[in-house]
Amino acid sequence: MVKLPSLGDEVSVWMDAPPAEVWDLVSDVTRIGEFSPETFEARWTRGSTGPEVGAYFKGHVKRNGVGPTYWSGCRVTACEPERVFEFSVGTDAITVNNWGYRLEPQDGGTLVTEYFRLDPNLPTRLYWLVLGPLRRRTNRRGMRTTLERMKAVVE
């Protein structure tokens, strides 16, 4: 049996700041443009005003930092203050991708892990089989950049 490549990845960076300070950055989607190399702005939508399970927002994305540019609908799927913030990307009917942050107190600061996980449907598996290595590398680089920029703000 052929082992398919994992449909996700993660990057961790230790920050010399308490989880509460890091939480304020990762859960405030309106600030993502300060940190992400691809998502240059985001706003809460459908009456949502802040991080809670079920809240909606849109992210304005410039794919690979160069284009195309488009809006992605997102919904918060996990929200445990100072621990986990996760959201799905797609529509109410179809999830394409999941992104999130895990915060773990460590050595007087916080180990912050950003991760993504693609939905394991057949079209996504085929896409990932062909283009996954390139997209994984781009996502890893983007997650590292995002976390390093957050680190610079909280330290």
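Given the structure is predicted, the values throughout are model-derived calculations rather than measurements.

## A word on the overall build of the protein chain
Next up, step 1: When its secondary structure is counted, the protein chain shows two helices and seven strands.
Next up, step 2: Reading the secondary structure of the protein chain in the N-to-C direction produces β-α-β-β-β-β-β-β-α.
Next up, step 3: Radius of gyration (C-alpha) of the protein chain: 15 Å, near the 15 Å computed for a compact globule of 155 residues.
Next up, step 4: Each principal axis of the C-alpha atoms in the protein chain carries an extent, and together these give about 45 × 35 × 30 Å.
Next up, step 5: Residues classed as buried in the protein chain amount to 44% of the 155 residues present.
Next up, step 6: Pairs at least 24 residues apart make up 51% of the contacts formed inside the protein chain by residues separated by at least 6 positions.
Next up, step 7: Of the roughly 8,400 Å² that the protein chain leaves accessible, carbon and sulfur atoms contribute 55%.
Next up, step 8: Here the protein chain contributes 20 positively and 20 negatively charged side chains, and the mean placements of these two sets differ by 10 Å.

## Some words on helix 1 (residues 19–26)
Next up, step 1: Looking only at helix 1, the buried set comprises Pro19, Val22, Trp23, Leu25 and Val26. Projected down its long axis, helix 1 shows its buried positions confined to an angular sector of 160 degrees, all on one face.

## What to know about the pattern of salt bridges
Next up, step 1: Under the definition given, this model contains nine salt bridges.
Next up, step 2: The salt bridge partner of Asp9 is Arg140, with a shortest N-O separation of 3.1 Å. You can see Asp9 sitting in strand 1 (residues 8–15) and its partner Arg140 sitting in helix 2 (residues 122–154), a full 131 residues away along the chain.
Next up, step 3: What makes Asp9 partly exposed here is its relative accessible area of 21%.
Next up, step 4: Of the residues examined, Arg140 reaches a relative accessible area of 34% and is grouped as partly exposed.

## Focus on unusual backbone geometry
Next up, step 1: At Arg46, a residue that is not glycine, the phi angle is positive and equals roughly 55 degrees.
Next up, step 2: The phi dihedral of Asp107 falls on the positive side, at around 50 degrees, and the residue is not glycine.
Next up, step 3: On the secondary structure map, Asp107 appears in the loop between strand 6 (95–106) and strand 7 (109–118).

## Let's talk about the layout of surface pockets
Next up, step 1: There is about 730 Å³ of room inside the largest pocket.
Next up, step 2: Counting residues per element, the ones that place at least two in the lining of the largest pocket are helix 1, strand 2 (39–45), strand 3 (56–62), strand 4 (69–80), strand 5 (84–90), strand 6, strand 7 and helix 2.
Next up, step 3: A class-by-class count of the residues in the lining of the largest pocket yields 20 nonpolar, eleven polar and five charged.
Next up, step 4: The wall of the second largest pocket is formed by 13 residues, among which Arg46, Tyr56, Gly73, Cys74 and Gly90 lie closest to the centre.
Next up, step 5: Considered class by class, the residues forming the lining of the second largest pocket number four nonpolar, five polar and four charged.

## Quick word on the environment of Thr77
Next up, step 1: Tracing the chain through its elements places Thr77 in strand 4.
Next up, step 2: Residue Thr77 is classed as partly exposed on the basis of its relative accessible area of 28%.
Next up, step 3: Taking the C-alpha atoms as reference, Thr77 lies 22 Å from Arg125; in sequence the two are 48 residues apart.
Next up, step 4: Contact partners of Thr77, with chain neighbours within four places excluded, come to Val53, Glu86, Phe87 and Ser88.

## Details of the side chain of Asn139
Next up, step 1: Mapping Asn139 onto the fold places it in helix 2.
Next up, step 2: What Asn139 contacts, discounting residues up to four positions off in sequence, is Trp99 and Phe116.

## Focus on the confidence of the model for the protein chain
Next up, step 1: Overall, the predicted model of the protein chain reaches an average pLDDT of 93, with 97% of residues at or above 70.
Next up, step 2: Within the protein chain, the element-level pLDDT minimum falls on helix 2, averaging 92, and the maximum on helix 1, averaging 97.

About the thresholds
Residues numbered from 1 in each chain as written. Predicted model: local features only at pLDDT ≥ 70, side-chain atom pairs only at ≥ 80, totals over all residues. Heavy atoms only, no water. Helix = DSSP H or I, 4+ residues; strand = E, 2+ residues; numbered from the N terminus. Rg over C-alpha atoms; globule rule 2.2 N^0.38 Å. Buried < 20%, exposed > 50% of the residue type's maximum accessible area, 1.4 Å probe, protein only. Contact = heavy atoms within 4.5 Å. Areas by Shrake-Rupley, 256 points an atom, 1.4 Å probe, with all protein chains shown as cover. Lys, Arg positive; Asp, Glu negative; His and termini not counted. Charge placed at Lys NZ, Arg CZ, Asp CG, Glu CD. Arc of directions from axis to C-beta. Salt bridge = Lys/Arg side-chain N within 4 Å of Asp/Glu carboxyl O. 1 Å grid on protein atoms, 1.4 Å probe; cavity = no way out; pocket = protein on both sides within 12 Å on 5 of 7 lines; lining within 4 Å. Points joined across faces, edges and corners; volume = space filled by probe spheres on them. Nonpolar A, V, L, I, M, F, W, Y, C, P; charged D, E, K, R; others polar. pLDDT = per-residue confidence, 0-100.

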